[in-house]
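# Breakdown of the fold
Now for the letters of each chain:
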Amino acid sequence: MSLLTRRTTLLALSAVALAGLAGRAGAQQVVTLRLHQMLPPQATIPARALVPWAQKVEAESGGRIKVQLFHAMQLGGAPPQLFDQARDGVVDLTWTVLGYTPGRFNKSEVFELPFMSGSAEESSRAFQEYVDKYASDEFKDVKLIAVHTHGPGLFHTKTPVTGLESLRGMKVRGGSRVINNMLTKLGATPVGMPVPAVTDALSKGTIDGTTIPWEVTPSLKVTELVKNHTTFAGRQGLYTQTFAFSMNKASYDKLPADLKKVIDANAGIETAAMFGRAMDEGDKAGRAIAEKAGNNIVALDTAETQRWRRTAATVETDWINEMKGKNVDGAKLVSEARALIAKYQR
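Keep in mind the model is a prediction, meaning the values are calculated, not measured. (Residues numbered from 1 in each chain as written. Predicted model: local features only at pLDDT ≥ 70, side-chain atom pairs only at ≥ 80, totals over all residues. Heavy atoms only, no water.)

### Examining the environment of Ala250
Relative to the assigned elements, Ala250 resides in helix H10 (residues 249–253). Given the relative accessible area of 46%, Ala250 is considered partly exposed. It is 22 Å that separates the C-alpha atoms of Ala250 and Lys56, two residues lying 194 residues apart in sequence. (Helix = DSSP H or I, 4+ residues; strand = E, 2+ residues; numbered from the N terminus. Buried < 20%, exposed > 50% of the residue type's maximum accessible area, 1.4 Å probe, protein only.)

Take a look at the structure:
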């Protein structure tokens, strides 16, 4: 073998060895992802969804993905900025309420319409499929892990809401523009604010009541601040809100292929359902706390609920007309959303 041939062979073997070493080094890469959200760590989603999700991802990656959770806006900013924090790479992952950025997730708003959905697990599956089919463009700037909803929305008030008339003039917190429009139609005075502000607003008398699901009442101390809760007849709640669990695209793109597979395996409809189940379980726990405290739980009957449905129906008409102005077929989206919710109802 000539000297030139030996040198060429040695160089080739060295390159193969170096590539193997680089591959092994890449295989051992440990990535730390920072996850930022608005609620205290004991709240339903942090405790029953985000922490289990992080633990599952860490386990399935063999410890090569580490997830650091930052609760209650620890990394700064306000809840309406969370989606952009994921989009812009301020953090790697965020969980937030879509309604905190009005006019941005237009097609996704359909799930917020009055008496649209009930069980959070069922409607979260429906919402994930709906977004994948009809609203994926609204999430094109992030790697979407999952979307979901909460369970049936209801009132928590200082004085009891026993019918439409008793709500009139009451200052009630709403979590999105669709919900605020509904409150106006029902005769209340809507006060928009993110959910972490509810405790202070109730204690200071800025609001007379709030629209939130049962699950978040314990972490906000709502059952201590108000003693009246109003529920509705039927499977559907008064309203729901929609949520997104999002990842920065660059943070995802720079992962090695096997770690991308771990993230992908923990994204989509089953993850949406897991978040929904956490909400349903949280609803049971929140209501049990109110019952144990001896609070007044008003259950509106079918006839009274129908009055609310008729009065709130114009919110859907408003939304459809508004979507028409944006060249979106709102009536079709309402129909598709209802069909998907029915598909997943058990």
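### Brief notes about the sheet that holds strand S7 (residues 189–192)
Taken together, the six strands give an open sheet; going across it, the order is S7-S6-S8-S5-S9-S11, and neighbouring strands pair in mixed fashion. The open sheet has two edge strands with one neighbour each: S7 and strand S11 (296–299). If you compare each strand with its neighbour and ignore which way they point, the axes differ by 25 degrees on average. One ladder, built from four bridges, connects strand S5 (residues 154–157) with strand S8 (residues 209–212); its direction is antiparallel. Within S8, the position partnered with His156 by the bridge is Thr210. (Pairing = 2+ DSSP bridges. Axes fitted to C-alpha atoms, helices over the stretch in contact; angles between N-to-C directions.)

### As for the side chain of Glu138
Relative to the assigned elements, Glu138 resides in the loop between helix H4 (120–135) and strand S4 (143–149). For Glu138, which is buried and forms no salt bridge, the nearest opposite charge comes from Lys107, at a distance of 5.1 Å. Within the local environment of Glu138, its side chain forms a polar contact with the backbone nitrogen of Lys107, the two atoms lying 2.6 Å apart. Of note is the side chain of Glu138, whose polar atom sits 2.8 Å from the side chain of Ser108. Setting aside its immediate chain neighbours within four residues, Glu138 contacts Phe83, Arg104, Phe105, Asn106, Lys107 and Ser108. (Lys, Arg positive; Asp, Glu negative; His and termini not counted. Salt bridge = Lys/Arg side-chain N within 4 Å of Asp/Glu carboxyl O. Polar contact = N/O pair within 3.5 Å; in protein donor to acceptor, adjacent residues only side chain to side chain. Contact = heavy atoms within 4.5 Å.)

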